[in-house]
Amino acid sequence: MMQRCASRVIVITGSMGAGKTTTMAEASDLLDERGIPHAAIDFDALGLAHMAGQARNDLMFRNLDAICANYAAAGIYD
């Protein structure tokens, strides 16, 4: 069952090699310095599998759902 993550989200997009992961790490460091509980999730890594079209996307969203539930249980967000 899909969980709803009722949280503020920062989405970083761009082409390969544009620095998305580096930017995410820097944003995470800034939030950490301010004592703000947060999760930094690399969405690309959630679907690293050799699967046909939509099956890969479905897997990524199921993985994101599981991660959201785990972070919520750890108190990262409500």
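Computed from a predicted model, the values in this text were never measured in an experiment.

Procedures and definitions
- Residues numbered from 1 in each chain as written.
- Predicted model: local features only at pLDDT ≥ 70, side-chain atom pairs only at ≥ 80, totals over all residues.
- Heavy atoms only, no water.
- Helix = DSSP H or I, 4+ residues; strand = E, 2+ residues; numbered from the N terminus.
- Buried < 20%, exposed > 50% of the residue type's maximum accessible area, 1.4 Å probe, protein only.
- Areas by Shrake-Rupley, 256 points an atom, 1.4 Å probe, with all protein chains shown as cover.
- Patch = residues over 30% accessible without salt bridge, like charges linked within 9 Å, V, L, I, M, F, W, Y side chains within 5 Å.
- Salt bridge = Lys/Arg side-chain N within 4 Å of Asp/Glu carboxyl O.
- Lys, Arg positive; Asp, Glu negative; His and termini not counted.
- Charge placed at Lys NZ, Arg CZ, Asp CG, Glu CD.
- Expected span 1.5 Å × (residues − 1).
- Contact = heavy atoms within 4.5 Å.

Asker: Looking at this structure, how should I read the overall build of the chain?
Answerer: Secondary structure assignment for the chain yields two helices and zero strands. Sorting the 78 residues of the chain into buried and exposed places 12% on the buried side. Accessible area of the chain: about 6200 Å², with a carbon and sulfur share of 56%.

Asker: What is the right way to look at a negative patch on the surface in this model?
Answerer: A surface patch of like charges, here negative, comprises Glu 26, Asp 29, Asp 32 and Glu 33. For Glu 26, the location among the structural elements is in helix H1 (residues 20-33).

Asker: It is not clear to me how helix H2 (residues 53-73) should be interpreted in this structure. Could you clarify?
Answerer: Since the α-helix advances by 3.6 residues per turn, residues separated by three or four positions end up pointing in the same direction. For H2, with 21 residues, the first-to-last C-alpha span of 31 Å sits near the 30 Å given by 1.5 Å per residue. Within the span of H2, buried status applies to Leu 59, Met 60, Asp 65 and Cys 68.

Asker: What is the right way to read the side chain of Ser 28 from this model?
Answerer: Considering the arrangement of structural elements, one finds Ser 28 in helix H1. Non-local contacts of Ser 28, meaning those with residues more than four positions away in its chain, are made with His 38 and Ala 40.

Asker: Could you clarify how one ought to interpret H1 in this entry?
Answerer: Between its terminal C-alpha atoms H1 stretches 20 Å, which fits the 20 Å expected from 14 residues at 1.5 Å a residue. Just downstream of H1, Gly 35 is the residue with a positive phi angle, here 70 degrees.

Asker: When you look at the environment of Leu 64 in this model, what are you seeing that I'm missing?
Answerer: With respect to the secondary-structure elements, Leu 64 resides in helix H2. With residues up to four places along the chain from it excluded, the contact list for Leu 64 reads Ile 41, Phe 43 and Leu 46.

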